[in-house]
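Observations on chain architecture
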Amino acid sequence: MDTPASDLMAALRSGNSTAPRLTWYGPDAERVELSGRVLDNWVAKTSNLLQDELDAEPGMRLRLDLPAHWKAMVWALAAWQLGLETVLDGEAADFLVTAEPASATGRYDAVIAVALPALAMRWPGELASGHLDYAAEVRSHGDVFMPHADPDPSACAIVGSDGRRHLHRDLLEGFAVAHEEGVRLHIPAGDGLEAALSNALGAWRRDGSVVLTHQDVELTDKLLAAERIHGS
């Protein structure tokens, strides 16, 4: 059974699939641009890693301990496509996805270490036994995601900071922020991951795209013009 998240991924990889959908500006002049097709490939690979390597199933919980970043967007979309609940706080979860694995506490079926630099091919250093290196593992997984089990549209997809539970079937209606058709939306990472996710979903739902900027990146007129940021 399809959910809004899986329908969204289908829309991103079809139609004008080569158009930018997610652009990231990070520290040290880092710029990453993902078309709809490339974004879908990253999400599919991540969903396949969860399903095939970690035995993730619909209804399980994934704690996303990452800053607002393009890789955090990929992980959230992968979790929702699979039918998982994305957890943004310290509540119990089956999986932990983190950029600080050495600080991980609690019991998880798996801890996945995410190196944030775009060109990182593996985690820069030693990982504790049993921790998974996302950068080293994800590229070996398939570009197409075929779920082993249908997600439950009535299951929880995410709980907002206001305590509201958003179900998978309502993810693009209740959690996503409404935006204009075809918007090219600027999202400041400093507003946090929840705001980044809800705004990005709202933009993509309306056939738009997003430019996500790290808090150390100055939003200059040159950048605004170069990225053709418009709408709201």
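Before any of the text, the structure's been laid out above.
Heads up: these notes are all about the structure in this document. These numbers come from a predicted model, not from an experiment. (Residues numbered from 1 in each chain as written. Predicted model: local features only at pLDDT ≥ 70, side-chain atom pairs only at ≥ 80, totals over all residues. Heavy atoms only, no water.)

1. Digging into the packing of helix α1 (residues 4-13) against helix α3 (residues 70-82)
Packed helix pairs are specified by the crossing angle of their axes together with the interaxial distance, meaning the distance between the axes. For the pair α1 and α3, interaxial distance at closest approach is 7 Å and the crossing angle is 120°. As the angle between them shows, α1 and α3 are arranged oblique. Along this stretch, α1 crosses α3, giving a crossing that reads as left-handed. For the pair α1 and α3, contact is made by Ala 5, Leu 8 and Met 9 and by Leu 77, Trp 80 and Gln 81, respectively. Taken together, the residues of the contact of α1 with α3 break down into 5 nonpolar, 1 polar and no charged. (Axes fitted to C-alpha atoms, helices over the stretch in contact; angles between N-to-C directions. Helix = DSSP H or I, 4+ residues; strand = E, 2+ residues; numbered from the N terminus. Parallel < 35°, antiparallel > 145°, perpendicular 65-115°, else oblique. Left-handed = near helix turned anticlockwise from the far one by under 90°. Contact = heavy atoms within 4.5 Å. Nonpolar A, V, L, I, M, F, W, Y, C, P; charged D, E, K, R; others polar.)

2. Details of α1
Residues Pro 4, Ala 5, Ser 6, Leu 8, Met 9 and Leu 12 constitute the buried set of α1. Buried residues along α1 sit against β1 (20-26), α2 (36-54), α3, α5 (171-175) and α6 (193-205). Backbone geometry just after α1 places Gly 15 at a positive phi near 65°. (Buried < 20%, exposed > 50% of the residue type's maximum accessible area, 1.4 Å probe, protein only.)

3. Some details on the nonpolar core
Grouped together as the largest cluster of nonpolar side chains are 63 residues, with contacts concentrated most on Trp 75, Trp 80, Ile 112, Leu 201 and Trp 204. Residue contributions to this core peak at 11 residues, all from α3. (Core = buried A, V, L, I, M, F, W, Y, C linked by side-chain atoms within 4.5 Å.)

4. Brief notes about a negative patch on the surface
Taken together, Asp 52, Glu 53, Asp 55 and Glu 57 make up a surface patch of like negative charges. Relative to the helices and strands, Asp 52 resides in helix α2. (Patch = residues over 30% accessible without salt bridge, like charges linked within 9 Å, V, L, I, M, F, W, Y side chains within 5 Å. Areas by Shrake-Rupley, 256 points an atom, 1.4 Å probe, with all protein chains shown as cover. Salt bridge = Lys/Arg side-chain N within 4 Å of Asp/Glu carboxyl O. Lys, Arg positive; Asp, Glu negative; His and termini not counted. Charge placed at Lys NZ, Arg CZ, Asp CG, Glu CD.)

5. A word on the packing of aromatic side chains
Any two aromatic rings considered together are summarised by their centre-to-centre distance and by the angle between their planes. Here the structure, examined in full by the defined rule, presents 3 aromatic pairs. When the centroid spacing of 5.1 Å and the interplanar angle of 85° are considered together, the rings of Trp 42 and Trp 70 count as edge-to-face. Placement of the pair is Trp 42 in helix α2 and Trp 70 in helix α3, with a sequence separation of 28 residues. Each member of the pair, Trp 42 together with Trp 70, is buried. (Phe/Tyr/Trp six-rings, centres within 6.5 Å; stacked < 30°, edge-to-face > 60°.)

Worth remembering: the numbers are spatial, not functional.
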